[in-house]
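Residue-level listing of the chains:
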Amino acid sequence: MAWETVIGLEIHVQLSTQSKIFSGSATTFGAEPNTQASLVDLGMPGVLPVLNADAVKKAITFGVAIDANINQKSDFARKNYFYPDLPKGYQISQLDLPIVGEGHLDITLEDGTVKRVGVTRAHLEEDAGKSLHEDYHGMTGIDLNRAGTPLLEIVSEPDMRSAEEAIAYVKTIHSLIQYLGISDGNMAEGSMRCDINISLRPTGQEEYGTRTETKNVNSFRFIEKAIRGEVIRQMDELEAGNKINQETRLYDSNKDETRPMRSKEEANDYRYFPDPDLLPVITTDEFIQGIKDALPELPWQKLERFQTEYELKEYDARVLTASKTLANYFETVVTTSGAKAKLAANWVTSELLGALNKSNTDIQQSPVSAEEFGGLLKRIADETITGKSAKTVFEAMLNGEGGADEIIKAKDLEQEKDSGAIEALVDEVIAANPDQVAKFLEAEDSKKKRFIGFFVGQIMKASKGKANPQQVNQLLAQKLK
Amino acid sequence: MHNKTLVELSQQLLSGSVSSVELTQHFLDRINTLDPQLNSFISVTDELALAQAKQADAIIAAGTAGPLTGIPIAHKDIFCTKGVRTSAGSKMLDNFISPYDATVVEKLNAAGTVTLGKTNMDEFAMGSSNETSFYGAVKNPWNTDYVPGGSSGGSAASVAARLAPAATGTDTGGSIRQPASLCGITGLKPTYGSISRWGMIAFASSLDQAGPMTQTAEDAALLMNAMGGFDRKDSTSLDRATPDYTSDLNNSLEGLKVGLPKEFFKEGLDSGVQQVVETAIKEIEKLGASVKEISLTTTELAVPAYYVIAPAEASSNLSRFDGVRYGYRCEDPKNLDDLYERSRSEGFGDEVQRRILIGAYALSAGYYDAYYVKAQKTRRLIKNDFDNAFSDVDIIMGPTAPSAGFTLGEKADDPVSMYLSDIYTIAVNLAGLPALSVPAGFSAGLPVGLQMIGSHFSENRLLNVAHQFQQATDWHKHTPDAFTK
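Residues numbered from 1 in each chain as written. Chains lettered and ligands numbered in written order. Predicted model: local features only at pLDDT ≥ 70, side-chain atom pairs only at ≥ 80, totals over all residues. Heavy atoms only, no water.

S.K.: Requested: an account of the overall build of chain A, with residues and values cited.
M.R.: Each helix and strand counted, chain A has 16 helices and 15 strands in total. Since a compact globule built from 481 residues should have a radius of gyration of about 23 Å, the 29 Å found for chain A marks it as more spread out than a globular shape. Viewed in the frame of its principal axes, chain A has a C-alpha envelope of about 90 × 55 × 55 Å. In chain A, buried positions account for 49% of the 481 residues. (Helix = DSSP H or I, 4+ residues; strand = E, 2+ residues; numbered from the N terminus. Rg over C-alpha atoms; globule rule 2.2 N^0.38 Å. Buried < 20%, exposed > 50% of the residue type's maximum accessible area, 1.4 Å probe, protein only.)

S.K.: Describe the overall build of chain B, and please don't skip the residues or the numbers.
M.R.: Across its full length, chain B holds 15 helices and 11 strands. Here chain B has a C-alpha radius of gyration of 21 Å; the compact-globule value for 485 residues is 23 Å, and the two agree. Here the C-alpha coordinates of chain B stretch approximately 65 × 55 × 45 Å along the principal axes. Evaluated residue by residue, chain B yields a buried proportion of 64% over its 485 residues. For chain B, long-range pairs separated by at least 24 residues make up 75% of all intrachain contacts whose partners lie at least 6 apart in sequence. Taken as two groups, the 40 positive and 55 negative side-chain charges of chain B have centres that lie 3 Å from each other. (Contact = heavy atoms within 4.5 Å. Lys, Arg positive; Asp, Glu negative; His and termini not counted. Charge placed at Lys NZ, Arg CZ, Asp CG, Glu CD.)

S.K.: Can you break down the interface of chain A and chain B residue by residue, with the values?
M.R.: Frequently, the measure chosen for interface size is the accessible area that the parts lose on association. The partner chain B presents 39 residues to the 31 residues of chain A that form the contact. Surface buried jointly by chain A and chain B totals about 2,800 Å² across both partners, of which 59% is contributed by carbon and sulfur atoms. Looking at the side of chain A facing chain B, the largest losses of area belong to Pro45(A), Leu48(A) and Phe82(A), adding up to 22% of the total buried there. Counting across the interface, chain A meets chain B through 1 salt bridge. (Buried area = accessible area lost by both parts, 1.4 Å probe. Salt bridge = Lys/Arg side-chain N within 4 Å of Asp/Glu carboxyl O.)

S.K.: Describe in detail the packing of aromatic side chains, supporting the description with residues and values.
M.R.: In the structure shown here, the tally under the stated rule is 30 aromatic pairs over all chains. Aromatic pair Phe321(B) and Tyr326(B): ring centres 6.3 Å apart, planes at 75°, arrangement edge-to-face. The buried category is assigned to Phe321(B), whose relative accessible area is 2%. On the basis of an interplanar angle of 40° and a centroid distance of 6.3 Å, the ring pair of Tyr367(B) and Tyr371(B) is categorised as tilted. Members of the aromatic cluster, joined through ring pairs, are Phe96(B), Phe124(B), Phe321(B), Tyr326(B) and Phe348(B). When the ring centre of Tyr270(A) is taken as origin, the NZ or CZ atom of Lys79(A), which lies over that ring, is 4.4 Å away. (Phe/Tyr/Trp six-rings, centres within 6.5 Å; stacked < 30°, edge-to-face > 60°. Lys NZ or Arg CZ within 6 Å of the ring centre and 35° of its normal.)

S.K.: Could you give an account of the domain arrangement of chain A, naming the residues involved and the relevant values?
M.R.: Partitioning chain A into domains gives domain 1 (3-290), domain 2 (297-410) and domain 3 (419-479). Taking only C-alpha atoms, the centre of domain 1 of chain A and the centre of domain 3 of chain A are 63 Å apart. (Domains from an automatic or database assignment.)

S.K.: Give me the lowdown on the pairing of strand β5 (residues 103-108) of chain A, citing residues and values where you can.
M.R.: All names here are of chain A. The alternating pattern of β5 places Gly103, Leu105 and Ile107 on a buried face, while none of His104, Asp106 and Thr108, on the opposite face, is buried. When β5 meets strand β6 (residues 114-126), the two strands line up antiparallel, connected through 6 bridges. From the neighbouring strand, Ile107 faces β6, where its bridge partner is Lys115. Counted along the chain from β5 to the antiparallel partner β6, the turn is 5 residues long, and its residue Gly112 has a positive phi close to 95°. (Pairing = 2+ DSSP bridges.)

S.K.: Any chance you could break down the pattern of salt bridges for me, citing the residues and the numbers?
M.R.: Enumeration according to the criterion identifies 42 salt bridges over all chains in this entry. In this structure, Arg116(A) and Asp106(A) form a salt bridge, with 2.8 Å as the shortest nitrogen-oxygen distance. Here Arg116(A) is found in strand β6, whereas its partner Asp106(A) is found in strand β5, with 10 residues between them in sequence. The structure contains a network of salt bridges with shared partners spanning Arg78(A), Asp275(A), Asp277(A), Arg197(B) and Asp234(B).

S.K.: Break down the packing of helix α15 (residues 445-462) of chain A against helix α16 (residues 469-479) of chain A for me, citing the residues and quoting the values.
M.R.: Two measures define how a pair of helices packs: the angle their axes make with one another and the distance between the axes. Residue and element names in this part refer to chain A. Where α15 meets α16, the axes come as close as 10 Å, and the angle between the chain directions of the two elements is 125°. As the angle between them shows, α15 and α16 are arranged oblique. In this structure, α15 meets α16 at a crossing whose hand is right-handed. Counting all contacts with α15, which are made through Ile452, Phe455, Val456, Ile459 and Met460, the residues of α16 involved are Pro469, Val472, Asn473 and Leu476. Of the residues contributing to the contact of α15 with α16, the split by class is 8 nonpolar, 1 polar and no charged. (Axes fitted to C-alpha atoms, helices over the stretch in contact; angles between N-to-C directions. Parallel < 35°, antiparallel > 145°, perpendicular 65-115°, else oblique. Left-handed = near helix turned anticlockwise from the far one by under 90°. Nonpolar A, V, L, I, M, F, W, Y, C, P; charged D, E, K, R; others polar.)

S.K.: Summarise the environment of Thr17(A); cite the residues concerned and give the values.
M.R.: All names here are of chain A. Following the sequence through the fold, Thr17 ends up in the loop between β1 (3-14) and α1 (53-65). For the pair Thr17 and Glu213, spaced 196 residues apart in sequence, the C-alpha separation works out to 29 Å. Aside from chain neighbours lying at most four places away, what touches Thr17 is Thr27, Asn52, Asp54, Ala55, Lys58 and Pro150.

S.K.: Before we move on, could you go through helix α8 (residues 324-337) of chain A and cite the residues and values that matter?
M.R.: Residue and element names in this part refer to chain A. The end-to-end C-alpha distance of α8 is 20 Å, a good match for the 20 Å that 14 residues give at a rise of 1.5 Å each. Here α8 has its buried residues at Leu326, Ala327, Tyr329, Phe330, Glu331, Val333, Val334 and Ser337. Gly338 sits one or two positions beyond α8 and adopts a positive phi of about 70°. (Expected span 1.5 Å × (residues − 1).)

S.K.: Explain helix α4 (residues 103-110) of chain B residue by residue, including any values.
M.R.: Residue and element names in this part refer to chain B. Buried within α4 we find Thr103, Val104, Val105 and Leu108. Residues of α4 that are buried in the fold lie against β2 (72-76), β4 (166-171), β6 (209-214) and α7 (217-227). Residue Gly112 follows α4 closely and has a positive phi angle near 100°.

S.K.: I'd love a proper account of the sheet that holds strand β9 (residues 150-156) of chain A, names of residues and values included.
M.R.: All names here are of chain A. If you trace the 8 strands from one edge of the open sheet to the other, you get β5-β6-β9-β1-β10-β11-β12-β13, paired in mixed fashion. Each edge of the open sheet carries a strand with a single partner, namely β5 and β13 (257-260). Ignoring strand direction, the axes of neighbouring strands in this sheet form an average angle of 30°. Relative to strand β10 (residues 192-202), β1 is paired through 11 bridges, and the arrangement is antiparallel. Across the sheet, the residue bridging to Glu4 is Arg201, located in β10. Sitting on the sheet, helix α3 (residues 220-239) is in contact with β1, β10, β11 (212-217), β12 (248-252) and β13, with an inclination near 25° to β10.

S.K.: So what's going on with a positive patch on the surface? Residues and values would help.
M.R.: A surface patch of like charges, here positive, comprises Lys73(A), Lys374(B), Lys377(B) and Arg380(B). For the positive patch, the leading source of residues is helix α12 (residues 369-390) of chain B, giving 3 residues. Here Arg380(B) shows up in helix α12. With a relative accessible area of 53%, Arg380(B) lands in the exposed category. (Patch = residues over 30% accessible without salt bridge, like charges linked within 9 Å, V, L, I, M, F, W, Y side chains within 5 Å. Areas by Shrake-Rupley, 256 points an atom, 1.4 Å probe, with all protein chains shown as cover.)

S.K.: Residue-level account of the confidence of the model for chain B, with values.
M.R.: On average, residues of chain B score 97 in pLDDT, and 100% of them are at 70 or above. Interface scoring of the predicted complex returns ipTM 0.96; its pTM is 0.90. (pLDDT = per-residue confidence, 0-100.)

S.K.: Mind laying out the nonpolar core, listing which residues take part and the relevant values?
M.R.: Core analysis: the largest hydrophobic core is formed by 143 residues, its most contacted members being Phe124(B), Phe386(B), Met397(B), Leu450(B) and Met452(B). Counting residues per element, this core draws most heavily on helix α9 (residues 299-317) of chain B, at 9 residues. Not counting chain neighbours up to four residues away, the residues in contact with Met397(B) comprise Val258(B), Gly259(B), Leu260(B), Pro261(B), Phe265(B), Ile281(B), Ile284(B), Leu450(B), Gln451(B), Met452(B) and Val465(B). Counting 61 residues, the second largest nonpolar core, distinct from the first, contains Val13(A), Ile66(A), Leu105(A) and Leu180(A). (Core = buried A, V, L, I, M, F, W, Y, C linked by side-chain atoms within 4.5 Å.)

S.K.: Report on the environment of Ile232(A), specifying residues and quantitative values.
M.R.: All names here are of chain A. Counting through the fold element by element, Ile232 comes out in helix α3. Ile232 gets classed as exposed once you look at its relative accessible area, which sits at 52%. Along the chain, Ile232 and Leu200 lie 32 residues apart, while their C-alpha atoms are 9.9 Å from each other.

S.K.: Outline the environment of Lys54(B), supporting the account with residue identities and numerical values.
M.R.: All names here are of chain B. Mapping Lys54 onto the fold places it in helix α3 (residues 46-62). The class for Lys54 is exposed, based on a relative accessible area of 61%. Linking Lys54 and Thr24, residues 30 residues apart in sequence, is a C-alpha distance of 9.6 Å.

S.K.: So what's going on with the side chain of Gln14(A)? Residues and values would help.
M.R.: Residue and element names in this part refer to chain A. In this structure, Gln14 sits in strand β1. Overall, Gln14 belongs to the buried group, its relative accessible area being 13%. Those residues in contact with Gln14 that lie beyond four places of it in its chain are Asp127, Arg146, Thr149, Pro150, Leu151, Ile182, Ser183, Gly190, Ser191 and Arg193.

Written as structure tokens, this is what we have:
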């Protein structure tokens with residue numbers, strides 16, 4: 001039987017507010033355990049939550065960007081359950097009246113197809129702390145630094161039909177939250193975590209199948225693997241005539257498989273009810289309009305502008321605007337180098353991204369800054385060095401050998417502009433390769449180009465890449481008549 | 001000295017006829033010698049009190065004292081007090097030394113009061129007799145076979161026995177007014193949101209409200225001036241200018257329209273209490289008020305609605321007491337579930353566990369609409385009922401409690417009968433209204449309180465009427481024989 005995959009995602013995004021959602025504690029990642037936990041975060045007797053206005057603003061910013069309905073009255077509810085890293089015995093979340101209502105997001109697949117994914121809602125809630133199971137000799141340590149960090153939980157409609165679509169959606173959200181400046185999007189530090197709802201149904205059937213929820217997957221790669229694995233598992237079950245249990249599963253990245261959580265944990269009745277310690281949040285039209293007016297350039301707007309302003313091809317523009325950091329990097333390179341946008345785009349997408357990819361680093365951690373990279377392209381643009389030498393310089397820059405100018409000087413890579421010196425090299429190479437010269441002269445016109453290439457290569461090599469290839473071509477054309 | 005009101009003591013302190021250290025020592029001595037009969041204190045903070053008194057004397061000497069500088073008071077053990085055990089009457093918090101001050105404590109400290117100690121209470125404020133305290137029952141100073149009422153029973157008993165000139169209390173369903181009535185003192189539950197809940201250990205967040213427990217309405221007004229006001233740490237505190245609660249005390253009652261809900265005078269009300277209340281209302285008529293019968297048709301809905309909403313909120317509020325970070329933890333937990341189950345079963349008393357179970361049940365899937373949602377709808381009806389009544393009258397009066405009291409153990413095994421002792425007070429919390437209880441006479445040797453209920457923010461009127469009543473009567477001056485000297 002042919003099966004159709006149905007995927008819906010719940011993405012938890014940590015909002016980059018200065019302080020926590022209901023207390024004044026800082027939210028910096030990586031501090032000593034429990035040094036960023038106030039009376040409120042510790043759930044002391046008698047403490048009360050006070051809502052952080054910036055978290056509300058950031059949530060609405062997201063809502064406005066996805067064209068969502070903003071609920072002008074929203075409220076907080078308590079989700080009750082016991083866990084050692086949940087200090088109050090309940091999580092403050094939103095249930096009936098989330099701050100962000102229905103919206104949508106367009107995703108672009110690898111083949112260029114655009115698909116619209118519905119967003120059911122996005123609500124504010126507080127993060128829990130962390131349980132530390134290692135280093136405590138069979139006991140569990142509790143770190144409440146993360147407790148109370150604001151989260152925006154973005155719930156999609158079950159609109160995705162493949163792992164590829166799901167990844168495109170997650171990447172679009174990941175890019176958007178950084179564009180909006182509402183989250184650092186640092187997945188390694190848990191700033192974005194994903195719960196994946198998956199079900200299968202016979203192709204053509206309208207009714208959804210029974211779904212499973214795979215919790216807390218925190219990298220693009222794991223999301224993709226978790227989906228692929230779970231789809232195959234469900235398909236095997238269904239093909240064997242078994243039923244799918246509606247259950248919560250965990251993705252184990254070491255074993256690359258999902259497995260059910262303890263049934264006890266899913267039998268939770270969270271006993272939601274409105275939090276009597278907090279008043280409903282009322283937002284005015286003016287407030288929402290103010291956020292709309294202050295929205296930064298959105299990814300799809302930037303994509304459009306890169307194509308018109310820089311005359312880039314859609315593909316290149318898409319690569320460059322995939323993340324705000326990369327787009328900013330590119331624009332800095334263009335302004336500091338004075339090089340043509342096309343050249344800058346080529347160098348950023350092929351050389352820079354290639355190198356980063358190879359060393360598995362993010363653009364944010366690029367060892368060469370945009371200004372430094374711009375400095376390199378400036379020397380290509382003003383013909384100080386050849387493109388070939390530029391690659392050597394870039395290698396050296398990646399190795400931390402200094403700025404472009406410094407390296408050009410140290411490695412003596414400045415382009416040879418003395419035509420006499422180049423001419424001597426041309427003569428030398430012609431004299432050293434009589435056979436090739438003869439073959440060239442005998443060849444038909446259409447094949448002559450290939451031999452020219454050979455000579456240019458030899459001469460460039462002899463000049464250590466410093467000769468101007470155009471000049472070499474001209475001289476060869478004169479001499480090989 | 002101990003029979004004097006706050007206002008009188010304040011005058012003596014400011015005139016220099018007594019020092020705060022002398023006054024404080026006097027009350028500490030009374031607590032030491034007399035409280036063993038009552039058990040009204042859980043902790044006595046001698047050192048802290050004398051240090052604060054010394055500081056107060058310096059302020060008085062410097063001429064910068066306010067009306068509360070140097071006045072010793074007691075705090076209900078539900079208010080977090082920095083460096084002092086704050087137990088909420090529970091074994092769960094027997095070892096809990098609060099790292100911070102509740103806003104009420106902080107504000108009263110700033111006003112110069114001296115903390116004598118922390119008063120006994122029903123565990124987590126759940127009870128109407130003060131028998132659910134881990135630290136043992138409090139006895140009524142008028143007759144030690146009787147309960148003092150609850151949950152602020154320790155505060156009420158200590159003020160009635162003149163072990164403290166005044167005390168703080170909290171009122172979720174009558175916990176200030178009912179013990180004030182049973183002990184013969186004045187107790188005010190202000191409008192919800194008038195006093196910050198920060199640092200007040202939560203029982204039912206949407207109902208809990210702190211208030212003063214004093215000998216007189218004038219004293220209550222003085223304490224309210226220090227306790228009240230907006231607090232950004234409590235989102236439910238009201239962001240409005242704090243009134244001067246003493247400003248209307250001397251207004252005339254001429255033309256005041258008093259409503260008597262007929263539902264408050266039906267069967268279930270002790271005849272002795274009814275007599276006292278009716279006599280007191282006649283007294284108020286003499287002061288110029290007019291009285292008419294009104295109807296609060298939702299009266300009998302209040303207790304059932306309350307016993308869904310309050311336990312529901314409590315079941316969640318008390319989840320933090322899990323044996324993980326502070327408070328009681330069972331010995332040798334075998335695993336996480338065992339840690340939770342035994343810490344909470346051993347740390348909480350029966351009444352608290354009963355209410356957690358009721359509350360968790362009312363919130364659980366499948367029952368939520370039938371209980372919690374319905375109770376909230378009922379709550380709205382009760383509020384509307386009062387709003388309607390206040391379009392017709394200025395103030396509502398009636399008994400605070402259905403009887404003058406009951407003996408220790410009498411209702412301990414009958415929770416429903418116990419819950420009904422709050423029948424006249426509970427609706428006020430559900431509607432968020434201000435109300436107070438003033439001593440109005442005696443029935444069979446036990447004091448009886450008259451309850452006055454006002455519309456939102458009408459504390460000044462309540463205090464005015466109560467003060468005028470106390471100018472015309474002397475019920476508030478009576479003290480139990482055993483504690484007069």
